[in-house]
Structure formats: structure tokens, C-alpha cells
Amino acid sequence: MGKRFFKQTIRDVDVERQTVLVRVDYNVPLHEDGTISDDFRIRASLPTIKYLLDHQCKLVLMSHLGRPEGRDEKLSLAPVAARLAELLGRSVMFIDDCVGDKVRQTVRHAPCGSIILLENLRFYKEEEADDASFAKALVKSSGASFFVQDAFGAAHRAHASTHAITLCLPSFAGLLIEKEYTAITDAMAHPAHPLVAVVGGAKVSDKIELVERLITVADKILIGGAMANTFLKYKGYEVGSSVFEDGQDEVLGRIYQKAEEKVGAERIADLLVLPPDVAVGNKQSSERREVAIDGIEPEDMALDIGSRTIDCFSAYLRGAGTIIWNGPVGYTDNEVFSYGSARIALAVASNTKAISVVGGGDTADFVLKWDGNGGASFTHVSTGGGASLELMSGKKLPGIESLLDAYGPGVVH
Ligand code: ADP
Ligand code: 3PG
Ligand code: MG
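Now for a look at the structure at hand. No experiment lies behind these values; they were computed from the predicted model shown.

Here's the deal with the site of ligand 2
Right, on to step 1. Near ligand 2, the surroundings consist of Asp25, Asn27, Arg41, His64, Arg67, Arg122, Gly153 and Arg157.
Right, on to step 2. Arg41 places a side-chain nitrogen or oxygen 3.0 Å from an oxygen atom of ligand 2.

Written as C-alpha cells, this is what we have:
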């Protein structure tokens, strides 16, 4: 008996010809001129939309975009409706509100098989306040008989459209939620060993719970990015003018303590692997200079991992059974310092036998730009930033927990 997702999904309910309210995460990056710069999250929502259309549903889609304070036309979801229509090859109606008469009338008169996208939920402050009346208004205006949660990227938020709404309607998981949850939790909880994790990015404090969890579940944790600078400083190295985080000694002390309890003092460096060298320069420079970690000068800024580190990390990644990657290993805003992250991406993608899971907003952006294959070079590229980080860290996501439980053989709660 195979394992079953622990929540009921749209496959578990008779959705035929129903009006369905679907929470998607269309919080997409925009160019200065307001056009969409990356439609990864829109494409990721298509399987659920197509499934519901195949069952002649009337779809009412809702999302947030950005963090507006009140109504802000620059953060309208109208361009997303146009892109979704292009991707689906059929028309998508856009309503410039998410509750009220206009929504009610439009949905009521739309035939089965219609797709309607509502305006940015965060134009109403009630959305982020997890307001029960706003959730009820969403349900009433849409006339929906089911709620489908497919906004993995927003599932770590307890907002009206991800949490309060589940108290108003029978609530099911969409196919993206099922796929993301399963890919991430399986890789963390039932990995093919060795499980090798790459953790980078800006701040230790953002990822401390992830590193702690990885100490328990991973066989190797490769530390890169600005985060490595904070580790190196803790270890007594000079990091010069590099970006690092102050006040993390206590937290790092706890991490090393945990690592020691797991593998013993003499093997800590095999579990928590720090870079032996870094590439220095300045954020705008077109040149990189590589130095060993004991040769960082006061004016040096470490902006990427060096060649020895790349070779060392790549060798570990080649032998991995499972790979988790969260956080770029360098300053990816400058191509010169994206080299380390590109070589990590190559090492991960080249290990075709391993399960590879990539999470984190900037990491996913990076691998999707790097990959000529739309992300298919990896087993799973998450659409979630904070949500994937929280799930990888072992936290429960309110947007998923609040859905109806699945019962029966193969379900583990
Ligand atoms: P994610 O969104 O994938 O979780 P983070 O937000 O933690 O990743 O970190 C990504 C940011 O960290 C990027 O802006 C990247 O340029 C920056 N970064 C990584 N390494 C360095 C470094 N050595 N110095 C300065 N910035 C860095
Ligand atoms: C994201 O981009 O991580 C999600 O869409 C959630 O957005 P938020 O951090 O503004 O809640
Ligand atoms: Mg980020």
C-alpha cells in the first residue's frame, strides 16, 4: 500500500460542475513597467486548474501580490489574468475586486468551465488579519461550494484566504500543495543516504532552524554564501569587509554542540563543512580573486565560494543520494560571483541518481535562470520561499494543517 497524502485533495471529492474557490500564489516578480518577469508560480498552478476544468468546474481564483497597504494599482493582478489566459489558451475573466456584488454577479452568470481571477486580496487589510468576516464574504461573493488550497508559497501564512476560510467551506488540497509537501517532507524524513544539504544565502538567523533540523537528518551540511562568513568569524577567522551577522555566537554554539552530540568532536568538520577558500572583490566588480580562508585581508569582501570549495562541495554532491539546497552560495546579483552557485547547480543537476530538492525564493530564481530545462534538471524546485524554508525546518504550515484530514490505509498523521 503506497503512502497517501495526509490531507484530502481534489481527487478525494466529487467536484463535477461545482463552483470552486481556489487560493493560488500568484505573487510573481514584476519588471519596473509592471510586466511579469517570471511566471514560474503561474505555470505551477496549471495542473490543479486543468484538473478542475476537466471536471467542468467554475473556477474562482484568488491570490495576493506584493505587500500593498490598501489599494495599489501597481499591484493589480490584471496582468496575471492575461498571462494565465495565454498559458491555458482560453479566456480568463478578471474582476477588479475580490468581494461584493460585482464578484457575485459575474460568477453567478459565468458558465461552467469559466475561469475568474479576483483582484489582489491584500487590497483589504482583513486578509492578513485572518478576519473571519472577510473569509465569509469571499465565500458568499463567489458562491463556491468547495475551497481548494493550492498556494504553497503562502501556506505558512495564517491569513483569511489560507486559514479563516477553511472554517467556512469544505477545504481540500490542490495538486501543487500535495506535490510540494510530499517532495520536501519525503526528502527530509525518508532520504536516500547520504543526504547532502547545501545551505547558503544571506543570514544565519533566517535559517537557524533549518540548520538545526539538518544536523539531525543530514549526513553532510555544506555551508556557503554570506552565511559562511558568520560561521568563519565564529571559528576565529578574519572575514574582512564581508557581509556577516553579529550576535550569532550563542546560536552557533548551540549548533556546534548539537553537531558534536551527533558525530563526536573530531568529526564535526565532516558534518558541518565550511569553505576552505572564498572569492573576494566588491559587489560591482568584474573581477574575482580567490583566497584561502586564513588569507582574507581587512579590505576583502568574500562574495562567493572559491575553486577548492567548489571542487570539495561538488565531490560530496556527486556521491549524494538526496540533495537539499536552500540559499545561494554567493552574491548572485553580480554574475562574477554567481559562479559558485552555477557550479553547485551543475553538480546537483549532474547527479541524476539523486533526489534533488531546491527551496528558497532566491535559490529557486537562480536555478530556474541557470537551467535551460525550466527546472526539470532537478527533482523538485519549490515555488515557496518562506514556506519551503519553514517546511524544511520541520514546522507545520497553517494553510495546509487547516485542510480536511485524509483517512484510510496509507495515511500517516
Ligand atoms: P533564499 O531566498 O534562497 O532563501 P536568501 O534570501 O537567504 O536565499 O539569500 C539570498 C541572498 O544572499 C542573495 O541576495 C545573495 O546575493 C545574497 N548572498 C549570498 N552570498 C553572499 C555573500 N557572500 N555576500 C553578500 N551577499 C550574499
Ligand atoms: C512569497 O513570495 O514568499 C509568498 O508569496 C508569501 O508572500 P509574503 O511573504 O508577502 O507573505
Ligand atoms: Mg531570499
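Section: the sheet that holds strand β12 (residues 302-305)
Right, on to step 1. Within the open sheet, the three strands sit side by side as β11-β10-β12. Their pairing is antiparallel. This sheet does not close on itself; its edge strands, each paired only once, are β11 (289-292) and β12. When the angles between neighbouring strand axes are averaged without regard to direction, this sheet yields 40°.
Right, on to step 2. Note that strand β10 (residues 277-280) and β12 share three bridges and pair antiparallel. From the neighbouring strand, Val278 faces β12, where its bridge partner is Ile305.
Right, on to step 3. Those strands touched by helix α12 (residues 307-318) are β10, β11 and β12, and its axis lies near 35° from that of β12.

Re the site of ligand 1
Right, on to step 1. Neighbouring ligand 1 are 19 residues, the closest being Lys207, Gly330, Asp333, Asp362 and Thr363.
Right, on to step 2. At a separation of 2.9 Å, an oxygen atom of ligand 1 approaches a polar side-chain atom of Lys207.
Right, on to step 3. Within the backbone of Thr332, a nitrogen or oxygen atom sits 3.2 Å from an oxygen atom of ligand 1.
Right, on to step 4. For ligand 1, the accessible surface in isolation is 580 Å², of which the surrounding protein chains cover 85%.
Right, on to step 5. Taken together, the elements giving at least two residues each to the shell around ligand 1 come down to α9 (225-234), β12 and α14 (361-370).
Right, on to step 6. Tallying contributions element by element places α14 first for the shell around ligand 1, with three residues.
Right, on to step 7. Residue composition of the shell around ligand 1, by class: seven nonpolar, nine polar and three charged.

Topic: the environment of Tyr316
Right, on to step 1. Take Tyr316: it is sitting in helix α12.
Right, on to step 2. On the accessibility criterion, Tyr316 (29% relative accessible area) is partly exposed.
Right, on to step 3. Sequence spacing of Tyr316 and Val196 is 120 residues, and the spatial spacing of their C-alpha atoms is 7.2 Å.
Right, on to step 4. Tyr316 has contacts with Val196, Lys220, Leu222 and Val273, leaving out every residue within four places of it along the chain.

Considerations on the nonpolar core
Right, on to step 1. Ranked by internal contacts, the top residues of the largest apolar core, which has 76 residues, are Leu138, Leu214, Ile221, Phe231, Leu272 and Ile400.
Right, on to step 2. It is helix α8 (residues 204-217) that provides the largest number of residues to this core, a total of seven residues.
Right, on to step 3. For Leu214, the contacting residues outside a window of four places in its chain are Met188, Ala197, Val199 and Ile221.
Right, on to step 4. Within the second largest apolar cluster, 34 residues are counted, among which are Leu75, Ala81, Leu88 and Val148.

Some thoughts on the sheet that holds strand β9 (residues 272-273)
Right, on to step 1. Within the open sheet, the six strands sit side by side as β9-β8-β7-β13-β14-β15. Their pairing is parallel. A strand with exactly one partner marks an edge of an open sheet, and here the two such strands are β9 and β15 (380-381).
Right, on to step 2. Pairing of strand β7 (residues 195-199) with strand β8 (residues 220-223), which is carried by four bridges, proceeds in the parallel orientation. Counted as the bridge partner of Val198 is Leu222 from β8.
Right, on to step 3. Lying on the sheet, helix α13 (residues 339-350) is in contact with β7, β13 (322-326) and β14 (355-359); it crosses β13 at an angle near 155°.

Side note on α8
Right, on to step 1. Between the first and last C-alpha of α8 there are 19 Å, a value that for 14 residues agrees with the 20 Å anticipated at 1.5 Å per step.
Right, on to step 2. By the largest-angle criterion, Leu210 marks the main kink of α8, which is about 30°.

A short note on unusual backbone geometry
Right, on to step 1. Here His193 and Pro194 are connected by a cis peptide whose omega angle stands at -5°.
Right, on to step 2. In this fold, Pro194 is placed in the loop between α7 (175-189) and β7.
Right, on to step 3. At Gln56, a residue that is not glycine, the phi angle is positive and equals roughly 55°.
Right, on to step 4. When you line up the elements, Gln56 lands in the loop between α2 (46-54) and β2 (58-62).
Right, on to step 5. Gln56 gets classed as partly exposed once you look at its relative accessible area, which sits at 34%.
Right, on to step 6. One non-glycine residue with positive phi stands out, namely Asp130, at about 55°.

Reading guide: rules and limits
Residues numbered from 1 in each chain as written. Chains lettered and ligands numbered in written order. Predicted model: local features only at pLDDT ≥ 70, side-chain atom pairs only at ≥ 80, totals over all residues. Heavy atoms only, no water. Near = heavy atom within 4 Å. Polar contact = N/O pair within 3.5 Å; in protein donor to acceptor, adjacent residues only side chain to side chain. Pairing = 2+ DSSP bridges. Helix = DSSP H or I, 4+ residues; strand = E, 2+ residues; numbered from the N terminus. Axes fitted to C-alpha atoms, helices over the stretch in contact; angles between N-to-C directions. Contact = heavy atoms within 4.5 Å. Areas by Shrake-Rupley, 256 points an atom, 1.4 Å probe, with all protein chains shown as cover. Nonpolar A, V, L, I, M, F, W, Y, C, P; charged D, E, K, R; others polar. Buried < 20%, exposed > 50% of the residue type's maximum accessible area, 1.4 Å probe, protein only. Core = buried A, V, L, I, M, F, W, Y, C linked by side-chain atoms within 4.5 Å. Expected span 1.5 Å × (residues − 1). Bend = angle between axes of the 7 residues up to and from the residue.

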